[in-house]
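Analysis of the macromolecular model
For reference, the chains in residue letters:
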Amino acid sequence: RCAGRVEVFYENQWGTVCDDHWGLENARVVCRQLGCGVALSAPTAGHFRAGSGPIWLDDVNCLGTEVALSHCRSKGWGNNNCHHGEDAGVVCSGNILQTLWGFHGPPLVPSVDSSSPSMDTPAGPAEVRLVGGPNHCSGRVEVMHDRQWGTVCDDDWSFSDASVVCRQLGCG
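Report follows, based on the coordinates. (Residues numbered from 1 in each chain as written. Predicted model: local features only at pLDDT ≥ 70, side-chain atom pairs only at ≥ 80, totals over all residues. Heavy atoms only, no water.)

Here's the deal with helix 1 (residues 24-34)
- Here helix 1 has its buried residues at Asn-26, Ala-27, Val-29, Val-30, Cys-31, Gln-33 and Leu-34.
- Within two residues after helix 1, Gly-35 carries a phi angle of roughly 70°, on the positive side. (Buried < 20%, exposed > 50% of the residue type's maximum accessible area, 1.4 Å probe, protein only. Helix = DSSP H or I, 4+ residues; strand = E, 2+ residues; numbered from the N terminus.)

Okay, here's the thing in structure tokens:
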């Protein structure tokens, strides 16, 4: 099942989301963004074990209809009064095709736009998808820009770049 601690990528570093005000509306957005079906629950208090590194988001307030977690209001990037025992999680109805981590569930990693230092106003997501492969974890890389999908040029494309895309999509 698609279930785990929610993590976001910002300023070239993975970090967690604090569970203050975390609820089903927030989980709905994460599950939808990851293509994991509908949200069944929004576990709190580090249910999927405490993460490490920065706590990027706190007081996330989604309506439940947003297309991405980065469209929800929050305190802004890195502004929090939390510790990792308060890391937020989600349980979605869909399945993850492969096990990504060796504990209670993989970190779920919605894509976010790291260009905005604050989320007091919603920021557009850095949406990424793979097209033309046999499953959602392989194919041609495309990104959403100005409400249109486009391809990514392979000039200077590296394994590191591919790894970021794979992690963003929850593909290991």
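Considering the pattern of salt bridges
- On inspection of all chains with the given rule, the structure shows five salt bridges.
- Measuring nitrogen to oxygen at the nearest pair gives 3.8 Å for the salt bridge that ties Asp-59 to Lys-75. In this pair, Asp-59 is assigned in the loop between strand 5 (55-57) and strand 6 (89-92) and Lys-75 in the loop between strand 5 and strand 6, connecting sequence segments 16 residues apart.
- A salt bridge links Arg-140 to Glu-142, with the shortest nitrogen-to-oxygen separation between them at 2.7 Å.
- Assessed through its relative accessible area of 44%, Arg-140 is described here as partly exposed.
- With relative accessibility at 6%, the residue Glu-142 sits in the buried group.
- In this structure, a network of salt bridges that share partners links the residues Asp-58, Asp-59 and Lys-75. (Salt bridge = Lys/Arg side-chain N within 4 Å of Asp/Glu carboxyl O.)

A closer look at the sheet that holds strand 9 (residues 148-151)
- In spatial order, the strands read 7-8-9; together these three strands make up an open sheet with antiparallel pairing. The open sheet has two free edges, formed respectively by strand 7 (128-132) and strand 9, since each of these has just one partner strand. Neighbour-to-neighbour, the strand axes of this sheet turn through a mean angle of 45°, independent of strand direction.
- Bridging between strand 7 and strand 8 (residues 139-145) involves five bridges; their strand directions are antiparallel. (Pairing = 2+ DSSP bridges. Axes fitted to C-alpha atoms, helices over the stretch in contact; angles between N-to-C directions.)

Side note on the packing of aromatic side chains
- Applying the stated criterion across every chain yields a total of three aromatic pairs.
- Pairing Phe-9 with Trp-14 gives two aromatic rings, centres 4.8 Å apart and planes at 50°, and the pair type is tilted.
- Trp-14 gets classed as buried once you look at its relative accessible area, which sits at 14%.
- Measuring from centroid to centroid gives 4.7 Å for Tyr-10 and Trp-56, while their planes differ by 80°, and the two rings are edge-to-face. With Tyr-10 in strand 2 (residues 7-10) and Trp-56 in strand 5, the pair connects residues that are 46 residues apart, well separated along the chain. Considered together, Tyr-10 and Trp-56 belong to a single accessibility category, that of buried residues.
- Among the aromatic residues, ring-to-ring pairing joins Tyr-10, Trp-56 and Trp-77 into one connected group. (Phe/Tyr/Trp six-rings, centres within 6.5 Å; stacked < 30°, edge-to-face > 60°.)

So, the sheet that holds strand 2
- Read from one edge to the other, the open sheet built from three strands follows the order 2-3-5, with strand pairing classed as mixed. Where the open sheet ends on each side, the last strands, each with one partner, are strand 2 and strand 5. Strand-to-strand twist across the sheet, computed as the mean angle between neighbouring axes with direction ignored, equals 55°.
- Across four bridges, strand 2 lies against strand 3 (residues 13-17) in antiparallel orientation. Paired with Glu-7 across the two strands is Thr-16, which belongs to strand 3.

Considering the nonpolar core
- Within the largest apolar cluster, 24 residues are counted, with the highest numbers of intra-cluster contacts made by Val-17, Trp-22, Leu-57, Val-60, Leu-69 and Val-90.
- Broken down by secondary-structure element, the contributors of at least two residues to this core are strand 2, helix 1, strand 5 and strand 6.
- Take this core: its biggest share by element is five residues, from helix 1.
- If near-sequence neighbours (up to four positions away) are discounted, Trp-22 is found in contact with Val-6, Val-17, Ala-27, Val-30, Ala-42, Pro-43, Thr-44, Val-60, Leu-69, Ala-88, Gly-89 and Val-90. (Core = buried A, V, L, I, M, F, W, Y, C linked by side-chain atoms within 4.5 Å. Contact = heavy atoms within 4.5 Å.)

None of the figures reported here should be taken as evidence of function without further support.
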